[in-house]
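Letter by letter, the chains look like this.
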Amino acid sequence: VETNEQGGKKAARIAYEDIGGLGLQVERIREMIELPLRFPQIFERLGIEAPKGVLLHGPPGTGKTLTARAVANETDVYFTHISGPEVIGKFYGESEGRLRRVFEEAEANAPAIIFIDEIDAIAPKREDMGGEKQVERRVVAQLLALLDGLKSRGQVIVIGATNLPNTLDPALRRPGRFDREILIPIPDKNARYDILQIHTRGMPLADNVDLKKLAEITHGFVGADLQAFAREAAMLALRRILPDIDFSRPEISYDLAMGLTISMADFLS
Ligand code: ATP
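The notes below deal with the structure included here. Model, not experiment: these values are computed from the prediction.

**Considering the pairing of strand E4 (residues 112-117)**
Phase 1 of the analysis: The buried fraction of E4 is high, at six of six residues.
Phase 2 of the analysis: Across the two faces of E4 the burial is the same, with Ala 112, Ile 114 and Ile 116 and Ile 113, Phe 115 and Asp 117 all buried.
Phase 3 of the analysis: Pairing analysis gives five bridges linking E4 to strand E5 (residues 156-162), with the strands arranged parallel. If you follow Ile 116 over to E5, its bridge partner there is Gly 160.

Laid out in C-alpha cells, this is it:
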C-alpha cells in the first residue's frame with residue numbers, strides 16, 4: 001500500500017534493482033528495516049530491539065528517497081512519505097496534529113514505514129531556534145514524543161532523510177530514536193556506471209555508446225544528475241530528427257522515430 005501527503009496517490013513501484021551503486025547501503029537497510037518488519041519474532045527471540053528510527057544522510061540526489069521507497073515496496077508494507085518543510089509550512093497551525101495523525105495511521109496499518117524527507121526542517125537543534133521558531137520547537141517535541149510512544153516496536157519504522165545531519169537536534173539521535181545512521185554517498189566511478197546502466201535500460205543506445213567511459217567523465221555527478229544526463233542525451237537525439245518529422249505523414253515520422261538511436265555524441269555534446 002502506498003499513500004502520500006495528498007492521500008492515496010500511487011507512486012512508481014521502485015525495486016532494489018532500480019538503485020545503482022548502493023549495494024552495501026541497501027544490504028544494511030534491509031537488515032535494519034526489512035528484517036524486523038518481516039520477522040519481528042527473530043528480534044524478540046534474540047532479545048534485541050528492532051530500530052524505531054533510521055537516518056539516511058548524504059548529499060541531495062544520491063538516492064535517499066529512492067531507497068526508502070524501494071525498501072517499502074519490496075517489503076510490501078504501508079508507506080507514508082512526508083516532507084519536513086511541508087509539515088512546517090503547508091500545515092502551519094496544525095503541524096503537530098498532522099504529524100500525530102501520520103503516526104497513528106501508520107500504527108493502524110502496521111507493518112509500516114514513515115519516511116520523513118528533509119527531517120532537518122522540522123528538527124533543527126533547539127538551541128538554534130530563536131523566538132520566531134516556535135513551530136519547529138513544538139514539532140520537534142511532538143516528534144520525540146511520537147517516537148518514544150511507538151507501541152508496536154519494530155512494526156513501525158521511521159526513516160528520516162537529511163543532507164545536514166549535524167544540524168539535527170541531538171535529542172533525536174539518542175538511543176531508541178534515530179539511533180542508526182546510514183551514509184548515502186556521492187557515487188564513485190563504478191557506482192556511476194551502475195546508475196547509468198539503470199537509467200539507460202529502456203533507451204535505444206547506439207553501439208558506440210560506452211557507459212564505462214561516460215562513468216569516468218562524470219566525476220561529481222550524483223544519481224539525479226546521471227538520470228538528467230541520460231534524459232538530455234535522448235532529447236538531443238530526438239532533436240536531430242525533429243526537422244525531418246512531418247506531421248502530415250505520420251507513418252514516415254513514426255518510422256524515423258522508431259529507427260532512432262542515441263549515440264555517444266548525444267551524450268558528449
Ligand atoms: P534529496 O536529498 O534531494 O531528497 P535524495 O537523496 O532523496 O535527494 P532521490 O530523490 O532519491 O535523492 O533521487 C532523485 C532521483 O535520482 C531518483 O528518483 C532517481 O531517479 C535518481 N537517483 C538518485 N540516486 C540514484 C541511484 N543511486 N541509483 C539510481 N537512480 C538514482
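That covers the picture; the talk isn't over yet.
**Brief notes about unusual backbone geometry**
Phase 1 of the analysis: Residue Ala 110 is joined to Pro 111 through a cis peptide bond whose omega torsion reads 0°.
Phase 2 of the analysis: For Pro 111, the location among the structural elements is in the loop between helix H5 (95-108) and E4.
Phase 3 of the analysis: Here the phi dihedral of Asp 76 falls at roughly 60°; this positive angle occurs in a residue that is not glycine.
Phase 4 of the analysis: One can find Asp 76 in the loop between helix H3 (64-75) and strand E3 (78-83).
Phase 5 of the analysis: For Asp 76, a relative accessible area of 56% puts it in the exposed group.
Phase 6 of the analysis: Positive phi, close to 50°, is recorded for Glu 118, a residue that is not glycine.

**What about the site of the ligand?**
Phase 1 of the analysis: The local shell around the ligand holds 18 residues, among which Gly 20, Gly 61, Lys 64, Thr 65 and His 199 are the closest.
Phase 2 of the analysis: One of the backbone nitrogen or oxygen atoms of Gly 63 is found 3.0 Å away from an oxygen atom of the ligand.
Phase 3 of the analysis: A distance of 2.9 Å separates an oxygen atom of the ligand from a polar atom in the side chain of Gln 227.
Phase 4 of the analysis: Here the ligand, which alone exposes 630 Å², has 81% of that area covered by the protein.
Phase 5 of the analysis: Given that more than half its atoms are within 2 Å of the pocket grid, the ligand belongs to the largest pocket.
Phase 6 of the analysis: Counting only elements with at least two residues in the shell around the ligand, the list comes to H3, helix H7 (189-199) and helix H9 (223-241).

**What to know about the side chain of Thr 218**
Phase 1 of the analysis: With respect to the element layout, Thr 218 can be found in the loop between helix H8 (211-216) and H9.
Phase 2 of the analysis: In terms of polar contacts, Thr 218 uses its side chain to reach the backbone carbonyl oxygen of Ala 215, at 3.2 Å.
Phase 3 of the analysis: If we skip the residues at most four places from it in the chain, Thr 218 touches Arg 192, Leu 226 and Phe 229.

**Some remarks on the nonpolar core**
Phase 1 of the analysis: One finds Ile 114, Ile 116, Ile 119, Ile 122, Leu 143, Val 158 and Leu 172 to be the most contacted residues of the largest nonpolar core, which totals 29 residues.
Phase 2 of the analysis: For this core, the elements supplying multiple residues, two or more each, are E3, helix H4 (84-88), H5, E4, helix H6 (134-149) and E5.
Phase 3 of the analysis: If we skip the residues at most four places from it in the chain, Ile 116 touches Ile 82, Gly 84, Ile 122, Leu 143, Val 158, Ile 159, Gly 160 and Ala 161.
Phase 4 of the analysis: Judged by nonpolar contacts, the second largest core, of 24 residues, contains Ile 19, Met 32, Leu 37 and Ala 70.

**Points about the layout of surface pockets**
Phase 1 of the analysis: Put simply, the largest pocket is a space of about 580 Å³.
Phase 2 of the analysis: Lining the largest pocket are 31 residues, and of these Gly 61, Thr 62, Gly 63, Lys 64 and Leu 66 lie nearest its centre.
Phase 3 of the analysis: When contributions to the lining of the largest pocket are tallied by element, the ones reaching two or more residues are H3, E5, H7 and H9.
Phase 4 of the analysis: Of the residues assigned to the lining of the largest pocket, the class counts are 13 nonpolar, eleven polar and seven charged.

Cut-offs applied
Residues numbered from 1 in each chain as written. Predicted model: local features only at pLDDT ≥ 70, side-chain atom pairs only at ≥ 80, totals over all residues. Heavy atoms only, no water. Buried < 20%, exposed > 50% of the residue type's maximum accessible area, 1.4 Å probe, protein only. Helix = DSSP H or I, 4+ residues; strand = E, 2+ residues; numbered from the N terminus. Pairing = 2+ DSSP bridges. Near = heavy atom within 4 Å. Polar contact = N/O pair within 3.5 Å; in protein donor to acceptor, adjacent residues only side chain to side chain. Areas by Shrake-Rupley, 256 points an atom, 1.4 Å probe, with all protein chains shown as cover. 1 Å grid on protein atoms, 1.4 Å probe; cavity = no way out; pocket = protein on both sides within 12 Å on 5 of 7 lines; lining within 4 Å. Sits in = over half its atoms within 2 Å of the grid points. Contact = heavy atoms within 4.5 Å. Core = buried A, V, L, I, M, F, W, Y, C linked by side-chain atoms within 4.5 Å. Points joined across faces, edges and corners; volume = space filled by probe spheres on them. Nonpolar A, V, L, I, M, F, W, Y, C, P; charged D, E, K, R; others polar.

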